[in-house]
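What follows is each chain in one-letter form.
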Amino acid sequence: MLLEWWSCTECTLFTDQATVDRFGKEHVVIILNHNFEIDFLCGWTMCERFGVLGSSKVLAKRELLYVPLIGWTWYFLEIVFCKRKWEEDQDTVIEGLKRLSDYPEYMWFLLYCEGTRFTEKKHRVSMEVAISKGLPVLKYHLLPRTRGFTTAVQCLRGTVAAVYDVTLNFRGNKNPSLLGILYGKKYEADMCVRRFPLEEIPLDEKEAAQWLHKLYQEKDALQETYNQKGVFPGQQFKPPRRPWTLLNFLSWATVLLSPLFSCVLGVFASGSPLLILTFLGFVGAASFGVRRLIGVTEIEKGSSYGNQEFKKKE
């Protein structure tokens, strides 16, 4: 609601009509670059516009499980959490993916194959590893971590029909933030979407990993094209926003805020110092929760994961 109706951020797709016709009508794995603070919101709005927001899944870092509201909601939505240490994650991730193998609704499963948000420091360390392994240097992405991808493809083969490669950027060289969205700032997001039938991805784990590395070289070339021309290749589509997020927000606001305002008036009218202090404590805790939620999206406050982990074996 904040992205679509409060800030009125626009999202344009660059793809072909045949791919758009399949949106929301098949199980897919989505690969998205992780360069921006609100890249997840742009993904969510596309899920909403094609009717799969309720069945969208993600391989998410376990720290998000403890974020107020979002983490708790994701737990009940069968989101797959990981600690980003394969020796500890392997059984948990495989079990979570197998639970999704017979998911009854069309599902979009998101992977951030880079494992962490792009920063200059992480990029420098990542490219040192790429050079040491004889892999091509990437300019706009971190070296993709292949195990999550190859495991997801293996576990969901027979369920998932295709992989959607999504490359995201923002017009005007903007670097949007969640705080900007809360302040009502409008951004213009462009997303290049390419569809790869799952049959094109090799069965062999090593070959599938090589396929992913090649994909990221192509993503890098797409970002280079965007920086030079200001657009991605392909036909442009602007899926219309649907009213349901706004109606949902207004409905819950009506249900929750009316008794809340009555409660606030009752607390201060009571004149009880204990009640007033308890209420102020509640407000402080709520403010802390919201600030923590915003904090996990801020690049400069991101985890140190990737600064040194790239130097270890996957």
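Model, not experiment: these values are computed from the prediction.

Reading guide: rules and limits
- Residues numbered from 1 in each chain as written.
- Predicted model: local features only at pLDDT ≥ 70, side-chain atom pairs only at ≥ 80, totals over all residues.
- Heavy atoms only, no water.
- Phe/Tyr/Trp six-rings, centres within 6.5 Å; stacked < 30°, edge-to-face > 60°.
- Helix = DSSP H or I, 4+ residues; strand = E, 2+ residues; numbered from the N terminus.
- Buried < 20%, exposed > 50% of the residue type's maximum accessible area, 1.4 Å probe, protein only.
- Salt bridge = Lys/Arg side-chain N within 4 Å of Asp/Glu carboxyl O.
- Domains from an automatic or database assignment.
- Core = buried A, V, L, I, M, F, W, Y, C linked by side-chain atoms within 4.5 Å.
- 1 Å grid on protein atoms, 1.4 Å probe; cavity = no way out; pocket = protein on both sides within 12 Å on 5 of 7 lines; lining within 4 Å.
- Points joined across faces, edges and corners; volume = space filled by probe spheres on them.
- Nonpolar A, V, L, I, M, F, W, Y, C, P; charged D, E, K, R; others polar.
- Axes fitted to C-alpha atoms, helices over the stretch in contact; angles between N-to-C directions.
- Parallel < 35°, antiparallel > 145°, perpendicular 65-115°, else oblique.
- Left-handed = near helix turned anticlockwise from the far one by under 90°.
- Contact = heavy atoms within 4.5 Å.

Glancing now at the packing of aromatic side chains. Under the defined criterion, the tally for this structure stands at 15 aromatic pairs. Here the aromatic rings of tryptophan 44 and tryptophan 74 are separated by 6.0 Å at their centres, their planes lie at 80 degrees, and the arrangement is edge-to-face. In this pair, tryptophan 44 is assigned in helix α3 (residues 39–49) and tryptophan 74 in helix α4 (residues 70–76), connecting sequence segments 30 residues apart. You can call tryptophan 74 buried: its relative accessible area is 14%. Residues tyrosine 226 and phenylalanine 232 carry aromatic rings whose centres are separated by 4.6 Å and whose planes lie at 35 degrees to one another, so their mutual orientation is tilted.

Moving on: the pattern of salt bridges. Tallied over the full model, the rule gives 16 salt bridges. The partner of arginine 242 in a salt bridge is glutamate 48, and the shortest N-O contact between them spans 3.1 Å. Within this pair, whereas arginine 242 is found in the loop between β8 (235–237) and α10 (244–270), its partner glutamate 48 is found in helix α3, the two being separated by 194 residues in sequence. According to the relative accessible area criterion, glutamate 48 is buried, its value standing at 7%. A salt bridge links lysine 83 to glutamate 88, with the shortest nitrogen-to-oxygen separation between them at 3.6 Å. On the accessibility criterion, lysine 83 (46% relative accessible area) is partly exposed. Three or more residues joined by partner-sharing salt bridges are found here, namely Asp165, Arg194, Lys214, Glu218 and Lys219.

Each domain of the protein was delimited in the assignment, giving domain 1 (1–240) and domain 2 (244–301). In this structure, domain 1 and domain 2 have C-alpha centres spaced 32 Å apart.

Below, the discussion takes up the nonpolar core. In this structure, Ile38, Trp108 and Tyr164 are the most contacted members of the largest nonpolar core, which totals 39 residues. Among the elements that take part in this core, strand β6 (residues 162–170) stands out by supplying five residues, more than any other. Ile31, Ala130, Leu156 and Trp211 belong to the second largest nonpolar core, which has 33 residues in total.

Reported here for the second largest pocket is a volume of approximately 320 Å³. What lines the second largest pocket is a set of twelve residues, and nearest its centre among them are Asn35, Phe36, Phe118, Asn169 and Asn173. Of the residues assigned to the lining of the second largest pocket, the class counts are four nonpolar, six polar and two charged.

Packing of helix α7 (residues 146–156) against helix α9 (residues 205–229) leaves a shortest axis separation of 9 Å and a crossing angle of 120 degrees. With respect to α9, the element α7 is oriented oblique. Crossing of α7 against α9: the hand is right-handed. From α7, Thr146, Arg147, Phe149, Thr150 and Gln154 reach across to α9, where they touch Glu205, Ala208, Ala209, Trp211, Leu212 and His213. Residues of the contact of α7 with α9, tallied by class, amount to five nonpolar, four polar and two charged.

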